[in-house]
Each structure stands twice: as structure tokens, then as C-alpha cells.
Amino acid sequence: MADTSPQKDAMDVLQAWVDRYNERSGATITLQSGGEAGGAQLRLKYTPSEGTIAILHLVAVHQGGQPSIVVNRFEGPTAETSVQAGLWASGRLGRRPAR
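Overview of the structure. (Residues numbered from 1 in each chain as written. Predicted model: local features only at pLDDT ≥ 70, side-chain atom pairs only at ≥ 80, totals over all residues. Heavy atoms only, no water.)

**Some details on the overall build of the protein**
So, point 1. Scanning the protein from N- to C-terminus turns up 2 helices and 4 strands.
So, point 2. Scanning the protein from its N terminus toward the C terminus, one meets helices and strands in the order α-β-β-β-β-α.
So, point 3. A burial count over the protein gives 30% of its 99 residues as buried.
So, point 4. Partitioning the contacts of the protein with sequence separation of at least 6, the portion at a separation of at least 24 is 30%.
So, point 5. Summed over its atoms, the accessible surface of the protein is roughly 6,600 Å², and 53% of this surface lies on carbon and sulfur atoms. (Helix = DSSP H or I, 4+ residues; strand = E, 2+ residues; numbered from the N terminus. Buried < 20%, exposed > 50% of the residue type's maximum accessible area, 1.4 Å probe, protein only. Contact = heavy atoms within 4.5 Å. Areas by Shrake-Rupley, 256 points an atom, 1.4 Å probe, with all protein chains shown as cover.)

Shown next, in the form of C-alpha cells:
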């Protein structure tokens, strides 16, 4: 059944998808989403164990004059991994040198 409620941007679409997935799957480890206004960055994340995070980070960019989505996967201690993912995304968006 299609969701007919208005969705503001890519973050809303992702959150709606994650909510529906979590409802249907009954998983013991739920997915979470995150991102920024406008959808240049979107993240799927989960906590496989206490103090550990796994992040699938998607970033909308222009490569060679074409719109693209670059994706990277991060997993490790929560604080360090979150920083690593953020630095990677900022580099892709030209906010700091790419790593």
C-alpha cells in the first residue's frame, strides 16, 4: 500500500521507508536514518552491539558534470565512526579536503 502523506524531502522519504521496514521486519536491531535538509547526505544506521555503530552513508554530488550518489560504509566505535563518516561526507561535498 502506497503512503499518500506529503513528504518534504529525501530525509522524509528515507525516514518513512525506515519506519515501514522496522514495523514489518520485527528485527531485534532496528534501522535508524539521518541526514541533512535538502538530502545532500542521507544515512542508514544501526547498532550491532553496545558502543558500536554501522553506517551506510549516501552523498549526492556532481562528478564529471553529472549528478551522482557516492556511498560508503563505516562500522566501529560509535563516536569515532560517526566522526569518520562525517569527515568523509564533508570531503565529498567540498566542505573540506576529501579523505
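**Side note on the side chain of H57**
So, point 1. Here H57 shows up in strand β3 (residues 52–63).
So, point 2. You can call H57 buried: its relative accessible area is 1%.
So, point 3. A polar contact is formed between the side chain of H57 and the side chain of Q41, at a distance of 3.0 Å. (Polar contact = N/O pair within 3.5 Å; in protein donor to acceptor, adjacent residues only side chain to side chain.)

**Overview of the pairing of β3**
So, point 1. Note: strand β2 (residues 41–49) against β3, 7 bridges, orientation antiparallel. Pairing of K45 across the sheet is with I55, part of β3.
So, point 2. Where β2 folds back onto β3 in an antiparallel hairpin, the turn is made up of 2 residues, including G51, whose phi is positive at roughly 80 degrees.
So, point 3. Pairing of β3 with strand β4 (residues 66–77), which is carried by 12 bridges, proceeds in the antiparallel orientation. Residue pairing in the sheet places V59 in a bridge with V70 of β4.
So, point 4. Hairpin geometry of β3 and β4 is characterised by an intervening segment of 2 residues between the two adjacent antiparallel strands and by a positive phi of about 60 degrees at G64. (Pairing = 2+ DSSP bridges.)

**A short note on the sheet that holds β3**
Consider a sheet: its strands pair through backbone hydrogen bonds, and that pairing is either parallel or antiparallel.
So, point 1. If you trace the 4 strands from one edge of the open sheet to the other, you get β1-β2-β3-β4, paired in antiparallel fashion. Among the strands making up the open sheet, the edge pair consists of β1 (32–35) and β4. In this sheet, neighbouring strand axes are inclined to one another by 20 degrees on average, regardless of whether the strands run parallel or antiparallel.
So, point 2. Contacts from helix α2 (residues 78–92) reach β2, β3 and β4, with the element oriented near 165 degrees to β4. (Axes fitted to C-alpha atoms, helices over the stretch in contact; angles between N-to-C directions.)

**Let's talk about the packing of aromatic side chains**
So, point 1. The tally for this structure, following the rule as stated, stands at 2 aromatic pairs.
So, point 2. Their ring planes at 10 degrees and their centres at 5.8 Å tell us that W17 and Y21 sit as a pair that is stacked. Taken together, the residues W17 and Y21, both in helix α1 (residues 10–25) and 4 residues apart, mark about one turn of the helix.
So, point 3. Assessed through its relative accessible area of 35%, Y21 is described here as partly exposed. (Phe/Tyr/Trp six-rings, centres within 6.5 Å; stacked < 30°, edge-to-face > 60°.)

**Some remarks on the side chain of S33**
So, point 1. Its place among the elements puts S33 in strand β1.
So, point 2. Judged by relative accessible area, which is 16%, S33 ranks as buried.
So, point 3. Polar contacts involving the side chain of S33 include one to the side chain of Q15, which spans 2.4 Å.
So, point 4. Non-local contacts of S33, meaning those with residues more than four positions away in its chain, are made with L14, Q15, V18, R43 and K45.

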